[in-house]
Amino acid sequence: PTQTDCPPDVEELGRSTWTFLHTLTATYPTTASTEKQTQMRSFLGLFSNLYPCWACAEDFRNWMADPSGKNEPRLSSRAEFGQWMCEAHNAVNRKLGKKEFDCRFWEERWRTGWKDGRCD
Ligand code: FAD
């Protein structure tokens with residue numbers, strides 16, 4: 001059997017989930033209505049409680065709830081939300097000792113493809 005026939009471990013689940021989460025920001029409205037923002041805020045609240053890696057979920061909840069308020073979801077536009085998700089992912093990258101991603105490029109990675117045409 002190939003790897004993909006097996007139940008996902010934390011890494012595999014994480015990769016798939018980041019694909020989903022960044023794609024969610026890539027398809028978010030350029031300017032979001034109050035209703036969209038409310039829906040996304042509840043999604044993030046539910047997601048961070050239900051994500052099926054419990055330790056990951058708890059850390060993610062705590063990161064969002066940082067007392068400074070600096071990690072609260074920013075949902076007014078695609079640009080804000082995409083940047084916020086990139087910062088959220090970088091917080092996990094730091095925790096795991098992985099390289100941080102330069103958030104100026106989140107949109108090329110997840111929405112438009114790279115300017116050099118490597119996704120064409
Ligand atoms: P991933 O981190 O899965 O990244 C996939 C791709 O996203 C990369 O190849 C890169 O192209 C792109 N990318 C990387 N960083 C960014 C960024 N900042 N912004 C935009 N794009 C980026 N694992 C644990 O072991 N412990 C945890 O506590 C933990 N918490 C997690 C919490 C959440 C909410 C999620 C979704 C996952 C969590 N994971 C955790 C899984 C972990 O983040 C990785 O997904 C996993 O280790 C596989 O890593 P990877 O190196 O394949 O790349």
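Residues numbered from 1 in each chain as written. Predicted model: local features only at pLDDT ≥ 70, side-chain atom pairs only at ≥ 80, totals over all residues.

(A) Geometry of the overall build of the chain. Helix and strand counts for the chain come out as 5 helices and 0 strands. Counting helices and strands in the order they occur from the N terminus, the chain gives α-α-α-α-α. Taking 14 Å as the expected radius of gyration for a compact globule of 120 residues, we find that the chain reaches 15 Å, a close match to that expectation. The dimensions of the chain, computed from C-alpha atoms along their principal axes, are 45 × 40 × 25 Å. Sorting the 120 residues of the chain into buried and exposed places 12% on the buried side. Once local pairs closer than 6 in sequence are excluded, the contacts in the chain between residues at least 24 apart make up 49%. (Helix = DSSP H or I, 4+ residues; strand = E, 2+ residues; numbered from the N terminus. Rg over C-alpha atoms; globule rule 2.2 N^0.38 Å. Buried ≥ 20, exposed ≤ 12 C-beta atoms within 10 Å, placed from the backbone. Contact = placed C-beta atoms within 7 Å.)

(B) View of the environment of Ser-76. Note that Ser-76 resides in the loop between helix H3 (54–64) and helix H4 (78–96). Each C-alpha atom, one on Ser-76 and one on Thr-30, is 8.5 Å from the other, the two residues being 46 residues apart in sequence. Not counting residues up to four positions away in its chain, the partners in contact with Ser-76 are Ala-32 and Gln-37.

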